[in-house]
2 protein chains.
Amino acid sequence: MIRIALDAMGGDSAPEIPVAGAVQAVLELPGSYEIQLVGRRAEIEAALARHPDVPEGRITIVDAPDVIEMGDKPLAAIRGKRKSSIRVALELQKAGESDAFISAGNTGAVMAGSTLLLGLHEGVQRTAIGALFPTRSDPVLVVDGGANIDCSPRELMGFAHIGVVYARDVLGRENPTVGLLNIGEEKDKGNQAVVGAHELLKADKRLNFVGNVEGRDILGSECDVVVCDGFVGNVLLKFYETVAHLFGDLLKREIEPEVLESKAMGRVFRVLDYAEYGGAPLLGVRGVAIICHGRSPARAIKNAIGVAVQAVKVHLSQHIAAEMAGDEAVA
Amino acid sequence: MIRIALDAMGGDSAPEIPVAGAVQAVLELPGSYEIQLVGRRAEIEAALARHPDVPEGRITIVDAPDVIEMGDKPLAAIRGKRKSSIRVALELQKAGESDAFISAGNTGAVMAGSTLLLGLHEGVQRTAIGALFPTRSDPVLVVDGGANIDCSPRELMGFAHIGVVYARDVLGRENPTVGLLNIGEEKDKGNQAVVGAHELLKADKRLNFVGNVEGRDILGSECDVVVCDGFVGNVLLKFYETVAHLFGDLLKREIEPEVLESKAMGRVFRVLDYAEYGGAPLLGVRGVAIICHGRSPARAIKNAIGVAVQAVKVHLSQHIAAEMAGDEAVA
C-alpha cells in the first residue's frame, strides 16, 4: 500500500482544501494508496466530518500541532517548529513510514525541509522544481521552476538529467528531448552559465539534447524538458499562470456569456489551468515531495495525489538515483 | 518636417513589407513627416510602383546597395558593409539629415550600429530594448527586452530611468511607476544584481519605485515600467508572443468558426498582437532607433513609424539625456 503524506495545514484554506482534495482523490482516483493527513488532529477531524462519504481505511490522521506560516523564514521554521506538519510529514517518509509528501504550504520550508530531512541523491548538486507548462498537446516540463536562483553549468546539466527521468517515468515520454532555454539558437549565445551548460549538455551522450530553445519555442513542443535557472523559470511560470486570466478578461469584454460559459470554452480554459497538473515535484531529493500552489483548489490537491502515487509506483526516486550515478535507469 | 529613415531591406519580405508599411503610414497616420526608404533603389522603386496612390513628396529613396543579412555577425557587418541600409540610415541621422531610424532587419546589427554611430547619452551604460507587453488596459513597458544579457545593479537602474522617460513621453503616463522583476516581494530576494538594484532603485528619490514585482504581476498593471536584465526580458517577450497563437489554436479546436471569426474575437486577438505596438525602441542612444520583429506585417511597420514620429516630436532623446544627466526633464 502506497502511503501519501499530505500537509493538511498548507495553503490558503487549510485544512478544508487539503482534506477535500484527499477525499476527492480516494473517491475518484484508482489505485491502492492511503492518505496520511498531517496536521492539527482536531481541525482535521472537524474538516473530515463534513465528508461522510469517505471510504473506510483510506485516510488516516497524523497529529502535528505546529504550523509553519507562509511568512516564516524557511530554514528557521524547519529547525524551530519540530512538530510542524511539514517536518512531521517529512520525518515519516525518512523513517520509512510514508512514501511521498505533498504540501501547498510555505514553498521555501518544503524545499529546505525536504533537502535537510530526505537529503539529495548522490550527484545531485541541488534540488529543482519541475514545472509543467500546458501546450496544445502534451505539457512541457521546465526545470528549474524556482528553487535555485543562480546556477552553474554543472547544476543546469543536473536539471536536465532529473527532468529526463521525470518525463520518462511520470509523463510517459520515450527518450525525452532536452532543450536549453536561451536567447538565441547559436551555442555561444547567453550568459556564461548557459554557454557552459550548452557545452556540457552537447557532450553528454546519455542526453537527447536538441540545443538551445528560445522563449518562443517553449510552447511549441520543441522538446520534453526545458532547462533553465530558477530565476527565469519562476518568472515564466508565474507569468504564464496569469495569462489565462488575461484571456478570460479579454473574452468577457467581447464575447456573449452563452459562448463564454459553454462547455467548449471550459475545455479551452481547462488546458491552461495549472490545477490540472496538481503540483510541481521537487526533483533530486531521496524520496517524493510535491509542492502545490498556495491557492490550490481541492482538484489541484487531488491531482497532486495522483502524481505522487504515480511517482512512487514507477520508482521515480530510485530512477533519479540511478541516472545521477550514471547508470542506465533500471526498471 | 520630421524625417523617418526606414530600412527597406530589413525583415522577412523586404522590400515589399517595409514599403507597404511606409505607404500605409502616409495614407493613414496624420502628422507632418517624410519617410526615407533606405536600400537598393531599383528594388524599392519596383515595390513602390505597386502603390500608385502614394501622395507626392512624402516618401523618398536613399540608395544603399549593401544588405546586412539576418545571419551576419552584427559588429563585423556594421563595420564591413559600409553601404548597407542599416549603416547608411544611421549615418543620415548622425549627419542631421534624418530624425529616426526603423528596421525589421538584423537586431544585433541595428543595436551595434546605433551604439557605434549614434552613440549613447552621457550616463547611459548600455542601450536597452523597451518592449511593450499588452495587458487588459494599457501596455506595460519591459526594459530590457533583450539587448543586455548580464546587467549590473547600476545598469538596471539606468533602464528604470530611460524607461520612465519613454513611459512619460510616448505612452503618456504621468509620474510612471517602476517595478523590479524578481522572484519574490522581499528586498533580499533574487540574485546579486537584483538585490543591488533594489537598493539603488529604492534610494533614488527621482523614481516612483513600487518595489519588486513577480512574473504574476507583469500583466496586472502593478507598474508602468518593469526592469529586468535582457536575458529574462527576451525570454518573456518571445514567450508572450507565442501565447496568443496557443490560445488561438485551443479556441479553433473547440469554438464554432462563426464565433472565432467574429469581429468581437478579432478585437480580443488585436489586444495581444505585437504588431499593434509596431516595434521596440532602442533606448539610451543619441537619437531615435526602433527595432521591429523580423516577421512584421506592414501594419507593424506603419505603427512603428507612428511611434518614431511621436518620439521625435516629444523630444524623447533629449529628455533621456536630461534624465540621465540628473536634471528634471525639460519640456
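Keep in mind it's a predicted model, so treat the numbers as computed, not measured.

K.L.:
Is there a simple way to think about the interface of chain A and chain B in this case?
P.N.:
Much of the literature gives interface size as the accessible area that the parts lose upon coming together. At the interface, 48 residues of chain A touch 48 residues of chain B. Of the roughly 4600 Å² buried where chain A meets chain B, counting both sides, 72% is carbon and sulfur surface. In terms of surface lost to chain B, no three residues of chain A exceed Arg136(A), Phe231(A) and Phe239(A), which account for 17% of the buried area on that side. Scanning the region where chain A abuts chain B turns up eight salt bridges. A salt bridge links Asp188(B) to Lys73(A); the nearest nitrogen and oxygen atoms lie 3.9 Å apart. Our count for the contact surface shared by chain A and chain B stands at 10 residue pairs in polar contact (both at pLDDT 80 or more). Sorting the residues of the side of chain A that touches chain B by element identifies helix 8 (230-254) and helix 10 (263-271) of chain A as the ones contributing at least two each. At 19 residues, the largest contribution of residues to the side of chain A that touches chain B is made by helix 8 of chain A.

K.L.:
Looking at this structure, I do not really get the packing of helix 6 (residues 153-169) of chain A against helix 12 (residues 316-324) of chain A. What am I missing?
P.N.:
The axes of two packed helices give the description: the angle between them and the distance between them. Residues and elements named next belong to chain A. Relative orientation of the contacting elements helix 6 and helix 12 amounts to 140°, with a least axis distance of 9 Å. Overall, the two elements helix 6 and helix 12 adopt an arrangement that is oblique. Between helix 6 and helix 12 lies a crossing of right-handed hand. When helix 6 is examined against helix 12, the residues Gly 158, His 161, Ile 162, Val 165, Tyr 166, Arg 168 and Asp 169 are found in contact with a partner set consisting of Leu 316, His 319, Ile 320, Glu 323 and Met 324. Residue composition of the contact of helix 6 with helix 12, by class: six nonpolar, three polar and three charged.

K.L.:
Would you mind showing me how to read the domain arrangement of chain A here?
P.N.:
All names here are of chain A. Domain boundaries in chain A define domain 1 (2-124 + 284-321) and domain 2 (129-271). A straight line from the C-alpha centre of domain 1 to that of domain 2 covers 25 Å. Of all residues in domain 1, the largest losses of buried area upon contact with domain 2 belong to Met 111, Leu 316 and Ile 320, amounting jointly to 36% of the total for that side. Taken together, the connections running from domain 1 to domain 2 amount to zero salt bridges. Going through the elements one at a time, helix 11 (298-313) and helix 12 are the ones with two or more residues in the side of domain 1 that touches domain 2.

K.L.:
For this particular structure, what's the right way to read the relation of the copies chain A and chain B?
P.N.:
Turning one copy of the chain about an axis and sliding it along that axis gives the other copy, so a rotation and a shift relate them. When chain A is fitted to chain B, the best match, at an RMSD of 0.0 Å, comes from turning it 180° and sliding it 0.0 Å along the axis. Both copies of the chain, as the preceding transformation shows, are related through a two-fold rotation axis. No C-alpha of chain A lies nearer the rotation axis than that of Val232(A), which sits 3.0 Å from it. When the interface residues of chain A are mapped onto chain B, 98% of them again fall at the interface, so both copies present the same face.

K.L.:
So what exactly am I meant to see when it comes to the packing of helix 8 of chain A against helix 10 (residues 263-271) of chain B here?
P.N.:
It is the contact of helix 8 of chain A with helix 10 of chain B, at a shortest axis distance of 9 Å, that shows an interaxial angle of 145°. Seen along the crossing, helix 8 of chain A lies across helix 10 of chain B with a hand that is right-handed. Contacts from Leu250(A), Leu251(A), Arg253(A) and Glu254(A) in helix 8 of chain A reach Ala264(B), Met265(B), Arg267(B), Val268(B) and Val271(B) in helix 10 of chain B. A per-class count over the contact of helix 8 of chain A with helix 10 of chain B returns six nonpolar, no polar and three charged.

K.L.:
Help me understand the side chain of Glu155(B) in this model?
P.N.:
Residues and elements named next belong to chain B. Looking at the secondary structure, you find Glu 155 in helix 6 (residues 153-169). Owing to a relative accessible area of 12%, Glu 155 belongs among the buried residues under this scheme. Non-local contacts of Glu 155, meaning those with residues more than four positions away in its chain, are made with Gln 125, Arg 126 and Asp 150.

K.L.:
Quick question: what am I supposed to make of the sheet that holds strand 5 (residues 128-133) of chain A here?
P.N.:
Sheets are built from strands that pair by backbone hydrogen bonding, the pairs being arranged parallel or antiparallel. Residue and element names in this part refer to chain A. If you trace the 11 strands from one edge of the open sheet to the other, you get 3-2-1-4-11-10-5-6-9-7-8, paired in mixed fashion. In this open sheet, the two strands that pair with only one neighbour each are strand 3 (59-63) and strand 8 (208-213). Mean inter-strand twist for the sheet, computed between neighbouring axes without regard to direction, equals 25°. Relative to strand 11 (residues 289-291), strand 4 (residues 100-103) is paired through three bridges, and the arrangement is parallel. Along strand 11, the bridge assignment pairs Ile 102 with Ile 290. Lying over the sheet, helix 1 (residues 16-28) contacts strand 1 (2-7), strand 2 (33-39) and strand 3, oriented at roughly 175° with respect to strand 2. Sitting on the sheet, helix 2 (residues 41-49) is in contact with strand 2 and strand 3, with an inclination near 155° to strand 3.

Calculation criteria
Residues numbered from 1 in each chain as written. Chains lettered and ligands numbered in written order. Predicted model: local features only at pLDDT ≥ 70, side-chain atom pairs only at ≥ 80, totals over all residues. Heavy atoms only, no water. Contact = heavy atoms within 4.5 Å. Buried area = accessible area lost by both parts, 1.4 Å probe. Salt bridge = Lys/Arg side-chain N within 4 Å of Asp/Glu carboxyl O. Polar contact = N/O pair within 3.5 Å; in protein donor to acceptor, adjacent residues only side chain to side chain. Helix = DSSP H or I, 4+ residues; strand = E, 2+ residues; numbered from the N terminus. Axes fitted to C-alpha atoms, helices over the stretch in contact; angles between N-to-C directions. Parallel < 35°, antiparallel > 145°, perpendicular 65-115°, else oblique. Left-handed = near helix turned anticlockwise from the far one by under 90°. Nonpolar A, V, L, I, M, F, W, Y, C, P; charged D, E, K, R; others polar. Domains from an automatic or database assignment. Least-squares fit on C-alpha atoms with pLDDT ≥ 70 in both. Buried < 20%, exposed > 50% of the residue type's maximum accessible area, 1.4 Å probe, protein only. Pairing = 2+ DSSP bridges.

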